[in-house]
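Close look at the chain arrangement
Take a look at the letters that make up each chain.
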Amino acid sequence: MGAFSFLINSSIGKKIIMGITGIFLVVFLAVHCFVNSLIFVNDGGELFNKAAEFMAHNILIRTMEIFLFLGLIIHALQGMNLTFKNMNARKVKYYKFNGNANSKWYSRSMGLLGTLLALFLILHLKHFWYVSRLTEEITSGEDTLFGEMKEVFANPIVVAAYIIGVISLTYHLLHGFQSAFQSLGLNHRKYTPFIKSLGFWYSIIISVLFAAMPLAVHFGWIK
Amino acid sequence: MSGNMNLTLKVWRQKSNKDKGNFEEFKVNDISPDMSFLEMFDVLNEQLISKGNEPIAFDHDCREGICGMCSMFINGRPHGPKEGITTCQLHMRSFADGDTIIVEPWRANAFPVIKDLVVDRSAFDRIVSAGGFVSVNTGNAQDGNAIPISKNDADIAFAAAACIGCGACVAACKNASAMLFVSAKINQLAHLPQGQPERMQRARAMVHQMDKEGFGACTNTGACSAECPKEISLVNIAAMNCEFVKANVVDSHE
Ligand code: HEM
Ligand code: SF4
Ligand code: FES
């Protein structure tokens, strides 16, 4: 076996892939969250629509979009693969297993949280990506992305689904952010405390902003 | 001094690797709080023997926290409710009179049960034989400071070398991952001069053997380090990941 395939197929190599794709998704999410937060300017979605327009037509952004989908798919498939492999490493389970004594529940539930995220993403892509990229609805000027938001979030069940998606994201990131650095081999007395608190605040701030979007639109806090 | 204790034990019994196994319940009375957990098992086994029953098989050797044999999964945790100790260092005063205590063997595909609470940990031996050694004869111990090693490196190597191969990390991990053990064994040599020539080859061989034995992959829950009697740090796993990537990307090999 060549050195590269040996690396990629090893348990550590798989973790490295999780870490790299994970950090890539974290960076994307920061940009996504920033752009969407423009709705809070409360100008009837004018600035946000402009930004969305720019994102839809910029060649660099559209190219990154391909990598984003690739990264997400690799991350999700590898995540599922690892989760099943890990579940199988202990075929006879413990009668009593006190995991809470030594680790956080969400660190032990990354596969479940990731699956919830994947389900949420299907819904989310259908609501916005499909409509803005694969239909003429927005490019034709018939509707704006902000208008689409108002339509989608009018439904309280959709708002509830988005909140569940965001909560899954919070916990996935609460473990995942710092875990990615550990997987990539960065654990240092000097930097790790900083990475951990950065990861904590990143997870909280991103989640609060994302949760506020459907709520604010639904309840008409922003017009 | 507090009074003696009466306890109920639910212990895993399994005749052999082929047997399905089940829990058996025992009462032990008049247990001194100053006894170790293993001494309490000795009392129980004496009872069983005097009644003509089969004693419970469990691993133990040094009974002072250095051999790593005393694998018992007690009330849902390896080596019981305390941190930084092995089962032989666990005192009965950590339990209350009237408690029911559940005792299971380590559970992992890579650690098959041999009998009752005894598991086969030779997977660890095979990982060490794959690369956890230095092939050249380094002679007698050198005079102090003859080979300068920085304090930092010496400390890291020493802390990693404290691993006693008990397998509590695997037992505690939801993925039955052996990464804490393997990383300690890799890292202890990676920081010392005699470990340098075979450094890359060692990382490849040991990780490869670890995967072959059927241990799970790490998800950084930290359960291993929290339950490790020698408190081996997660820093070792991060260092091993670097070491392994370097060994495959930078180092040229066949
Ligand atoms: C399609 C949905 C997703 C699934 C199925 C999924 C699944 C997983 C799984 C199973 C892990 C492994 C847990 C571990 O090794 O500790 C993981 C780790 C991670 N995920 Fe996700 N995830 C998804 C989406 C995301 C998203 C959208 C992000 C970021 C915004 C993300 C960020 C991370 C990070 C940073 C890690 C840590 C990587 C590491 O430990 O090396 N994931 N994910
Ligand atoms: S790392 Fe700790 S828990 Fe794992 S085998 Fe070594 S001493 Fe035991
Ligand atoms: S019997 Fe040796 S460590 Fe417990």
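One can find the structure itself at the top, above this paragraph.
**Topic: helix 4 (residues 59–88) of chain A**
All names here are of chain A. Between its first and last C-alpha, helix 4 extends 44 Å over 30 residues, near the 44 Å set by a 1.5 Å rise per residue. Taken together, the buried positions of helix 4 are occupied by E65, L68, G71, H75, Q78, G79, L82 and N86. Capping the start of helix 4, N58 holds a side-chain oxygen 2.8 Å from the backbone nitrogen of L60, two or three residues further along.

**What to know about the side chain of S168 of chain A**
All names here are of chain A. Among the secondary structure elements, S168 is positioned in helix 7 (residues 156–183). Residue S168 is classed as buried on the basis of its relative accessible area, which comes to 4%. Once residues within four sequence positions are removed from consideration, S168 is found in contact with L113, L116 and L117.

**Considerations on the nonpolar core**
With 46 residues, the main nonpolar core has V170, V182 and F215 of chain B as its most contacted residues. Of all elements in the fold, only helix 1 (3–9) and helix 2 (11–36) of chain A together with helix 2 (122–131), helix 4 (168–172), helix 5 (179–190), helix 6 (199–212) and helix 8 (235–249) of chain B reach the threshold of two or more residues within this core. It is helix 5 of chain B that provides the largest number of residues to this core, a total of 6 residues. Here this core gathers at least three residues from each of two domains, domain 1 (5–114) and domain 2 (122–252) of chain B. Not counting residues up to four positions away in its chain, the partners in contact with V170 of chain B are R90 of chain A together with A108, F111, F124, A176, S177, A178 and F215 of chain B. In terms of nonpolar packing, the next biggest core, distinct from the first, is built from 35 residues, V131, L173, Y202 and A211 of chain A among them.

Reading the values: rules and limits
- Residues numbered from 1 in each chain as written.
- Chains lettered and ligands numbered in written order.
- Predicted model: local features only at pLDDT ≥ 70, side-chain atom pairs only at ≥ 80, totals over all residues.
- Heavy atoms only, no water.
- Helix = DSSP H or I, 4+ residues; strand = E, 2+ residues; numbered from the N terminus.
- Expected span 1.5 Å × (residues − 1).
- Buried < 20%, exposed > 50% of the residue type's maximum accessible area, 1.4 Å probe, protein only.
- Polar contact = N/O pair within 3.5 Å; in protein donor to acceptor, adjacent residues only side chain to side chain.
- Contact = heavy atoms within 4.5 Å.
- Core = buried A, V, L, I, M, F, W, Y, C linked by side-chain atoms within 4.5 Å.
- Domains from an automatic or database assignment.

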